Structure formats: C-alpha cells, structure tokens
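Structure assessment
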Amino acid sequence: MAKFKMHLLICGGTGCNASQSQEIAQNLKNGLKDKGLENEVQVILTGCFGFCEKGPIVKVMPDNTFYTEVKPEDAREIIEEHVVKGRKVTRLLYVDPENKQQVADSKHMGFYKKQLRIALRNCGFIDPENIEEYISEDGYSALAKCLGEMKPEEVVKEIKLSGLRGRGGGGFPTGLKWEIAAGNHADQKYVVCNADEGDPGAFMDRSILEGDPHSVIEAMAINGYAIGATKGLVYIRAEYPLAIKRLLTALEQARTFGLLGKDIFGSGFDFDIELRYGAGAFVCGEETALIHSMEGMRGEPTFKPPFPAQEGYNKKPTNVNNVETYANIPIIINKGAEWFNKIGTEKSKGTKVFALAGQINNVGLIEVPMGITLREIIYEIGGGIKDGRQFKAVQTGGPSGGCLTSAHLDTPIDYDNLIAVGSMMGSGGMVVMDETSCMVAIAKFYLEFTVEESCGKCSPCRIGNKRLYEILEKITKGNGTMEDLDNLANLSRVIKDTALCGLGQTSPNPVLSTIENFYDEYVEHIKDKKCRAGVCKSLMQYVVDPVACVGCTACARNCPVNAIQGEKKMPHVISTELCIKCGACIEKCKFGAISIQ
Amino acid sequence: MAKVKLAESKINKIKEICANFGNLPGEAINVLHKVQGEFGYLPAEVQEVVAHELNVSVAHIYGIVTFYSFFTMLPKGEHPISVCTGTACYVRGAEKVLDEFKRELKIAVGETTADGKFSISCLRCVGACGLAPVVLIGEKVYGRVTPDGVKDILNEYRNA
Amino acid sequence: MINITIDNKPLQVEKGITILKAARAAGVEIPTLCYYELDGIILENRPGGCRICVVEVEGRRNLAPACATEVMEGMKINTHSLRVVNARRTVLEMILSDHPADCLICPKSGNCELQDLAQRLGVREIPYQGEQSTYRKDTSRAIIRDIDKCVMCRRCETVCNVWQTVGALSAVNRGFEAVVAPAFEQDLEKSPCTYCGQCIMACPVGALSEVDNTRQVITAISNPKKTVIVQTAPAVRVALGEEFGYEPGTIVTGKMAAALRKIGFDYVFDTDFAADLTIMEEGTELLTRISKFMAGDKNVKLPILTSCCPGWVNFFETNYPDMLDVPSTAKSPQQMFGAVAKNYWADKLGIKREDMVVVSIMPCVAKKFECSRDEFKENGNPDVDFALTTRELAELIRQFNIDFESLEEADFDKPLGESTGAAVIFGATGGVIEAATRTAYEIFTKKSLPKIDFEELRGLEGVRKATVDFDGTPIHIGIAHGLANARKLLDEVRTGKSNFHAIEVMACPGGCIGGAGQPFHHGDFSIIEKRFAAIYREDAGKAIRKSHENPFITALYKDWLVEPCGEISHHLLHTHYFDKSKHIEVEG
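Not measured: the values here are computed from a predicted model.

How large an interface is tends to be reported as the accessible area lost when its parts come together. If you check the domain split of chain B, you get domain 1 (8–65) and domain 2 (79–158). Computed from C-alpha coordinates alone, the two centres of domain 1 of chain B and domain 2 of chain B are separated by 30 Å.

Laid out in structure tokens, this is it:
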C-alpha cells in the first residue's frame, strides 16, 4: 500500500454490497480519474467493517475518517471535499447516539473502542482479492515460520499452549484436537475447514472468508503440516456466493505464489485445498454430519467415537476446525502462544467474534476479548437498545443457546460461564431483545428452526423437538396448561440427555432458559391468556376506543377480512371472531383509536 | 423394462457433469449442485439419469435431494423471492413481511404463482443482518423491508 | 480383557465390544429397538438412532447408546438408574406419540418389538400427543408398506442396500418427515425391489408386512366347485413348529400335512416333488450346456445360474439385463408344481384348470410376486393361485383352532407328494446345487456316487466356491446367499473373470430357511443355524436322496413328459426372462 498517499476503503461484504457499495467504489474510482488522482489515491473494496447497521461504510486512510450510510451519489463530494480539499464531509460522519456528537474517526467510535480484532484483523483493511495486501500484513509468514523453523509437533505444542478453543460452538481445545489427529497414522489425512455457518443470525465465518480468505488458507496449511495432512477441504455453504468467489480467487493466487501445491517454501511439504459445497442443512455444522455430506451422502451425524481424528473423511484421520478458529492460527504462530494466552479469561483465551443483532442500535460484527461483559457489549459497543426501549433479554448461541436476562449483564463472557448460566457460546450469534419480544414466542421460533433442521435420525430430536414445538404453539395460542409446562421441562431434559448429536443435545436450551428466566411470562400465557409483548396474536384483541374514533372508515376499508363494522362518522367496532389480527387497522388509523388488549 | 424419458440435450448435459466429477458416487452433492444450476430444479427424470451415471440407486439420490433444503424438485418462479427468517430478521419483523408477500401473491412458502413469475421460499440468514429484515429477489438484496414496501418491490418485476 | 462395572457388578470383558454385548454376556438385558444384527452373515444395523438402549456411563455428560458405545477400561455403567429409566421411557413415549395405535389389526401384533417395549417399560398412556406422520399406504403384489408405522430404525434400509444391494429403499426427507421409502416415495412396484422381503423380516413394527392371502384361500376352500390343492416348500417344515412353541429346527412335516388336511385342502402335495422335477430339468440343462461348451460350441454360455429363487430372478432381470441368457430356464419348483397340477393333475381328475386352485406354502414373500407373473398364467388363470407364507399357514392353523401339538403325523398325498432328500435340501443355501450335483454326476459319469453328501457345498459363508470332481472332469461351482454376495459372483461372470460351470444363488440369509415368509427370528441367527441343520437331518433321514431316483418322477416322465428338457417340458416347465432395468431414453 506504500505508493499511494491515501486509501479509500469501501466495505464489500454481502450486506454493504446489497446497499450498492460496488457502485460507490466505481463512482469513487471514476471521480478520482476525473481529477487525475488515480495514481495517488487508491480505492479498495475490502471485507466487512463490522458496522453493518450504518452501511455502506467508506473509510479514509490514513486519518481513519469513517463515513456511514454512503450513497453512490456521495462519491463526488467525498472526492471533491475530502480528497482534494482535505475537509471532512461532516454530514456523512457517524453520530454518537448518546451525545448526538459527530465522531470524526473510527478510533473514537464506541463501536470500535472496546473491540480487539484478532480473527478479524484484516477484515476491512485489505483487499481480499489481492494476495499481496495479505502478504504485506505479515501474511504467510506464519506458514513460512512453521515450515522453516518448527517441527510439526512444535506447531501443535504452540497451539496447545495458546489455549485456543474451537470457535464453532463446542469450545474443544484446538491444540488437543490437532495432537490427536497428529497421533493417528495413516497414508492420507485431511484438514477440513467448517464454513457451513448455519446459525440464523451469525455471519462471522462468511465475513472472514469474504474479508480475509488467505488467513484461513494459511492456517489450514499450517494445520496440514502440524498433523501430517496434505489435503485440505473447505465445506462452505452454497448460499455464500461472494465468499466462495473470494476463496476461489485466493486459492488460485496462493497456488500461483507457490503457497499451496507441491514443495511449499522448498520445505518438501505439499498441501492443497478443494471446496465442497453445503446444500442447506444446519446439522452439517456437526463434524460427523459434515463429513458424510462431503462424502456425497445425507448429512446425518454418527455417534462418536470414532472421532474424525481417528476415522473421518474417506475413513481417514481428519481434523475439522471452524473458520474463525483458523483465522486465529497465523497470528498465534507469529506472535506466540504466550501473547495469545494473556488475552481472555482463565479457561477461554483470546477473543470471540459475535454477530450483534436484534433491537440494538449498532447491529454488526464485533470481536471482543473473552471475559468482556454483556453490558459492555450491549451498551458500549452496541450503543444500547433501539428507540430508547428497555433491554429484556439477550440470546447467545443461536438455536443451541439460551436467553439471558439483565441479571446476567455483568457476567464475564466465556465458554464455561455461558454454559453455567444455561446458554452457550455457539458460533457467536448474539440477539438483543427488548420488551417487544415475547420469550415464549422466541423459544417457539428457535424450536421451529430445530424442527426444520433436525436430520430425523434419532427419535428425541425427530419427535421430541416436534412435541416441544407443538406445546409451545399451544401455549402461545392460549391453550396451554400448567401440565404442559412440566412436560416441556421433562421432554427438554430427556432430549438433551439422549439426542445423538450436538444439535439435538442443545436444541431444548432456548426452552429451558426461557422457562428458567422468564417463568412468569409462560404462566401469564397459560393462566391469564396474556402476552405482555403483544406478539402472540391469539392472545390479543383489537379494540376501537369509541371516544377517540371519529368514524372515518379508514380501518373498515383496509380490513382484509371485513371484520370492522360501523356507520360513517360513528364509532366502529371490530368483530373479534372475524379479526385475523393483521394490524392493518392500527396502521391506518390516524387517531390512535385502535389498540391491542 | 421401465423407461425414463428426457430430452437428448439434457441427458448429455447431465452425463457431462457427472463425467466431470469422475462419475463418483461421493461427488453426488457436487453433481446435484451443478445439475440444479443448469436446469433450475431436479425433477425425477433428472435424478434417474444422475443415479444411472453415478451407478447408485435413485432412492439414494432422492434421499440426498430431500435432505438438503437447497435442492428442489419444483421449478422456481422466474423471480424467486427468498425472505430471510434468520433471528436478526425475525426480531425485526420478517414474519410480517413474509405474510405480506404470501397475501400479495396468494401463494404459500414453497409455491410458485400460476403465471410462473414468482415463488416464495424462506432462508436462514444471508448475513446482511444490519439491513434486517432482508428479502432476496433472485440475487438482488432488499434491506429494511416493511410490509408496506412489499407491493412496490413486486411491481418492479410485475411489468418487467 | 478389560475391567468394567455394569450395575455395580465388576466384570472382565473383551476389549472393543459394545456395552450392549458386554451387558448381554453378563445377563443384563438392555432393551433395544433400532439395533439389528445377524451375526452369522455379518449384517449389522446400529445407527444409534432410537435411543432406547441408552445407559448411564459415569463421567459422561449425556446418556450413551449401549449398542454403539464401546467399553473402555474402568468404565462404570448403569443400565437402569432413575435417570436412565425416565429417559428411556420418555423416549419411548415420544416414539409412540408418532405411531398409530391400531395394534388390534396390525399384521405385526404379537411379533412387534415396539409393542413389547411398551409393555416392558410400562407405558400405559402417551403424555405427548401431537401431529402424527401420515403417508399413502403402498400395496404391491407381495409387500405392503404402511409407513405411518415407521420408527426410522433403518433396518430395512440397511438390509435392502447392504445385504441385498437392491437399493429400493433409502431414508428420505429429514426431521419429522424423515422416513424410509423408495425413490420419489413411489410405489415399490416402480422401484428395483426384488420382493425378497428381508425388509419385513427386519422391520420391528408393522410398517412392512407381506400381502395376506389367507382370506382368499379360505374362500376357495369353502367353494364346493373348487378343487383346492396345496404344496409345501422344503424350508417350511423345519420352521413352522416355532410358531407353536417348538424348538427352532424341529421337523414338523407330518403334523403340517395333517394340519393342511384338517383345514380342508383336497390334496396335500409337496413342492419337494417339484424340486426333484426341477433337478431333472435343470440338471439336464446343465449337462447339455457343459457338454456343448466343452465341445467348443460358442453359442453356449457358462456358468448356468440357478433360477429357483424368485427374489434372485427379479434381481438379475433388473440388474443384469445383458445376461438374461445365462440363468437356467427351468421354472422354480413352485411354478413347476403349478404347471404340473393345472395341466397333468387336472387332466387326471378330469376337471378344468379354472376349477382347480393351487395354493403354495412358502418360506418366501417373493413367491407371491412370482405366482402373479403373466408368463405363469394361461388365459389369465395362474398356475399357482395363492402363495402363503409359513406365518400365514400358522395363522390359518390357529384360526381353525387346530391343536398342532396333538396332531397325528400324516403323509402327503400321492403322486405329487413324494420326494427325495435332494429336494429337501433346496431349503438351504447350497442345497439346490448339491441336489443337482448328485443327479448330474451320475448321469454324466454313468457311475454311482461314492459319497452322497457334498460337504464342500454346505455352509453359511456368504460366498462359497468349490470344485467337484466328475470322475476326472473338474466342475467349478459357486454359491452365494444374499444378493450382495450374488452381485460379487455375477460381476465376475460379467467381466469374464469367472470359470464357474454353475452358480447357485439364494436371496435370503441361509437360503429359504431364512426366507422372509418364515417365523420372525428377530435377529437371532442361531434360529437360522438350527433350521439349516434340520434340513440336512431331514435329507439324511430320507430313503431316497437323489432326484432321478424318485419313482414318481420317473413315472411322470413315462406317463406324460417323455424326457427332461423335451417338448412338453419346454412349454410347461421352462420359462424366459425379461429386461426390467431402467432405460434412459431420448424424449420425443
């Protein structure tokens, strides 16, 4: 990046792409050309900045100016004002929701202040489609170090010492996994990168592959060297076209540079990587299911042992790690296990990437040191709850996790603490909810997901989760009994205890955690037939306030089922029998006369 | 003798794809991805040919096709609508948006309109959670969609 | 050996075995559902899916499936702790909540493993009610699929794909909708199903069952205008007793004949007679082909393949359409019997074939399909009207309230009830080829057999190869049971790597004795072994043990057929095969 005086970084992740970031980049390039500045200022389409809420983002380097919600037509002004005249385009600067002040650069934004970017170190900084930019950020130096200076067992030892644990959900110590795979001898071993991110609401793996694919490639090669594997496979969701494209580009470049293929760095070590495409099955995130899917079969899990490290892809020892786990590897090798080991808590080292979503001001992708509290994430990085509403719950771990309350806001986040409070790290989904979310409905939402994604192999998951879902539906419809609550709890415990794989064993967590933390809401649904969040339609009644109603007939005309009757200029009445609770009348009423009770 | 009938060009295309993957049963999913990419969906006859080429039972292929939600045996609409029902979109009102699409088009999820123009499906997280709720029409992403905006989005395609 | 504890009992067990096997060896019974093993033929289905066999292993977070978890040094296992009992029962309640409760009229009632479990675990009500899976019922000519009852144990899928390599069934869909079905959830008749019925044998519940023909048989018997003839296959007599509490392998030939007569059949004949006839025809065909082949006739193909097993016939018609001229053209004994009965015997009785009803008692489900084949009908009237399974016969005996145990042993009627030991061994794998060898040897060498028992052709290994010395001429013989094993031999033939003169194939484990129409063995292979031994005991006890020495066979040729493979035989006792493979064709 040396020869340019200035860089304009534009987020080219899927989210910003959808908001025309390609056009912005093109307009910026055209604008620079018009001014004859194309050799002095470089436009780079990078990976995700993380701050998706305010995308598309344009970041100006070296001064870290952070423009948000940029539109293609803003390009000209950025060039004319900022690039040419050195004046910031203030109307595009980020405004702190707390003090309403404009923030001139990203270093002073609450969203970034508490973050520590290790796995995401290059996302948003380099052009993922240019290997030279990765190399200029010490890229492939870790691989060179391993091949040149370290024995395979030393690499394994370093990763073990670092305390890195699997970022895909389970939190199994990565070094130990490598050690087991290294210890199993076979004529062929495999290294597999699990990029089948299926947790609805988590997109860190995709962002890493889109923003920094070489870090994963380098890590897989290191992994191959460490365990004695010459073949790598990336199992990636077919729904991630951009990530696939960038990964393929990166693989091609790495081969051209001799960083993949035969005799890498003249060390005699051969390694190459192929892609395998997922086809839409959440359960394939489970490693045995993933392996079956890669073998061209139904992605059904099998019981362990044998573990993939003993008998995996094509019945050969196979090490499976997730994308984010891999993204940590090169930097650990470069900076040393000791450096990494100092970050985080006693049993959870390093950082974790979370996809922060829901009713929160700053939706986006964040990376924070283990041990940070939920409060810091939600209120400092996340900028608090949207529209000034009250925090109610935060869901971590996706369909495998649980819902935590304000009582847990000061719990330091790590693998073990989250499990202790009835949730889990999972792959890093973090959905923040305010009082407009019904916790029974949220539990139902996750169970619906699990029911849809269950592979059907084992009875507890195939049938048990269906029954859980049905009971939850009964409760949200106002037909629940207190006995149903007992059944929910017993079924949940047995499913956890008996299901075949991680999907089934964790699927009741959303139910158990909401019963534990929001028991009153369940009881309200059952006994009082009330949904305090106003989400469960069956428990709601739309009522016209006869005093406020002026008889304008707007509601009646817009009711799709003709459930509203009334003469012109006379108060209207909603038939509760006909009403389908679609909410159209409330939206159309200009007098606030219709309410939900 | 049971007969499976298919146009010659299609048979040849499938054979070509299978051959590119060495006619290996282990490549079944890659093959099906390519074949669906070619024809848009995987009707029974197509699965028969794939099974024949890979030398596996057609029940096995059908077992795979029905396991993965990405594979479909029904032709999608000219403009396939995918509503993200991932968590982030859900808590920001994706269900209402989905309902509106269903009501506007008078079809259910998984169905295609009679004129073949639109089909609706749900998907889990395209990773544009900052734009929630998100809807995809074909490859195009629509962010922050509201029920009110559904009609406008559809109109872009209705007269196209 | 390693040390473990099961229910506080310290044990020394073999390393590498499962908790289930260790427990069973120690006399601790852990209930199972999806687990299915036929150890004698190395067939195992243990997806670890039903979760009924879960046990508590100290130090583990979750309960472990006993069928799939290997024992480890120092393992402490609790098979019936409070946690286990509650979990097991709750899992069973879940399974039952998605299972029709129509046990009253279910074909598996009394033989249903799920019913047994519900009894054993004390389930009296199902607390978790909800949606139940519903599918279209599929009735083929031999097998009924009522997969509302499917519990996803995957046994049928394993048997169909691993043991038989038929590939008619696969797990389809996922989650709550997951079920085992043919491609596109079409009817079995549109699939490559061979109707071997081993899926029925494996199915723990009533999701798969045979077509029931007992009602039609009763109707036929009660029609005074009809002469109803029954024939009984060799393997039935060594298994039927099990249905009435006899030790497996008990030979009940005489009681069976008495029971059939009591039920009201007009003539109680024996398929064994037709088996002897088959040997005459097939043996002659074999010798002719070998002689021509040795004389250098390029139009003659070897090996000759046996064609008695209808599952096997269906299999090669579907999978080896290029080799339809290889199998023997001899009809199966069931169909030979039918042809003789409806032509020769009807003539003798002076009745029209339409007024004769031929019923067969078979250890087999595919026989129901076989007798329905068009080429085995004359003007729409089948040579064999109904094929009942051993189980259906037991059903009839019970319906007629016949006290089986106290029955006086009876003989078959003559002439179509007389048979030799060679016919009896048709019931076991290797038996047909041994019977053929006994006759072919004597005709070929024109010498008397020095030893009648060909031990080298017997056994239960999946594929067996042997060379028999025909007085200086080595005859190479291959034997397979199970269609996966047959496929191995057939592929050798197809690629020209085989030097066999003859190959015998039976679709079912152990041959017909392990047929899908036999009493359920629930995975206990020792039952098949006992039937196997009984077949050879029955043979050894026979006065005549070579088919060509059966005086009634000789008489039949003299009286009617003239000579083996002659003109009448050609019309009535031989058949041809059809290409049933799938053909990809260009549209238009």
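On to the interface of chain C and chain A, then. Taken together, the contact between chain C and chain A spans 35 residues of the former and 32 residues of the latter. Summing both sides of the interface, chain C and chain A together bury roughly 2,800 Å²; the carbon and sulfur share of this comes to 50%. The largest share of the area that chain C buries against chain A comes from C:Met94, C:Tyr128 and C:Arg174, three residues that together contribute 24% of it. Connecting chain C to chain A are four salt bridges. A:Lys466 is the salt-bridge partner of C:Glu131, the closest N and O atoms lying 2.9 Å from each other.

Residue and element names in this part refer to chain A. A cluster of basic residues, Arg557, Lys568, Lys569 and Lys590, forms a positive patch on the protein surface. Its place among the elements puts Lys568 in the loop between strand 18 (564–565) and strand 19 (573–574). Residue classification places Lys568 among the exposed positions, given a relative accessible area of 66%.

Here we take up the environment of A:Ile78. Residues and elements named next belong to chain A. By the element assignment, Ile78 lies in helix 3 (residues 75–85). C-alpha separation for the pair Ile78 and Ile442, spaced 364 residues apart in sequence, amounts to 43 Å. Leave out the neighbours within four places in its chain, and Ile78 touches Leu28, Tyr67, Val70, Val83, Val89 and Leu92.

Let us now look at helix 3 (residues 113–120) of chain C. Residue and element names in this part refer to chain C. Of all the positions in helix 3, only Glu113, Leu114, Leu117 and Ala118 are classed as buried. Down the axis of helix 3, the buried set is contained in an arc of 140°. They therefore lie on one face. Buried residues belonging to helix 3 abut helix 2 (82–97) and helix 4 (155–163). Following helix 3 by one or two positions, Gly122 adopts a phi angle in the positive range, close to 70°.

This part covers the pairing of strand 21 (residues 473–481) of chain C. All names here are of chain C. For strand 21, the buried fraction is high: seven of the nine residues fall into the buried class. Where strand 20 (residues 463–470) meets strand 21, eight bridges bridge the pair, whose relative direction is antiparallel. When the sheet's bridge partners are listed, Arg464 is paired in strand 21 with Ile479. If you look at the hairpin formed by strand 20 and strand 21, you'll find two residues sitting between the two strands, and Asp471 has a positive phi there, around 55°.

Attention now goes to the sheet that holds strand 4 (residues 65–67) of chain A. Residue and element names in this part refer to chain A. The strand order 2-1-3-4 describes an open sheet built from four strands, whose pairing is mixed. Every other strand in the sheet has two partners, leaving strand 2 (41–46) and strand 4 as the edge strands with one partner each. Strand-to-strand twist across the sheet, computed as the mean angle between neighbouring axes with direction ignored, equals 20°. Note: strand 3 (residues 58–61) against strand 4, three bridges, orientation antiparallel. Its bridge partner lying in strand 4, Val60 is registered against Thr65.

Here is what the cut-offs are and how they apply
Residues numbered from 1 in each chain as written. Chains lettered and ligands numbered in written order. Predicted model: local features only at pLDDT ≥ 70, side-chain atom pairs only at ≥ 80, totals over all residues. Heavy atoms only, no water. Domains from an automatic or database assignment. Contact = heavy atoms within 4.5 Å. Buried area = accessible area lost by both parts, 1.4 Å probe. Salt bridge = Lys/Arg side-chain N within 4 Å of Asp/Glu carboxyl O. Patch = residues over 30% accessible without salt bridge, like charges linked within 9 Å, V, L, I, M, F, W, Y side chains within 5 Å. Areas by Shrake-Rupley, 256 points an atom, 1.4 Å probe, with all protein chains shown as cover. Lys, Arg positive; Asp, Glu negative; His and termini not counted. Charge placed at Lys NZ, Arg CZ, Asp CG, Glu CD. Helix = DSSP H or I, 4+ residues; strand = E, 2+ residues; numbered from the N terminus. Buried < 20%, exposed > 50% of the residue type's maximum accessible area, 1.4 Å probe, protein only. Arc of directions from axis to C-beta. Pairing = 2+ DSSP bridges. Axes fitted to C-alpha atoms, helices over the stretch in contact; angles between N-to-C directions.

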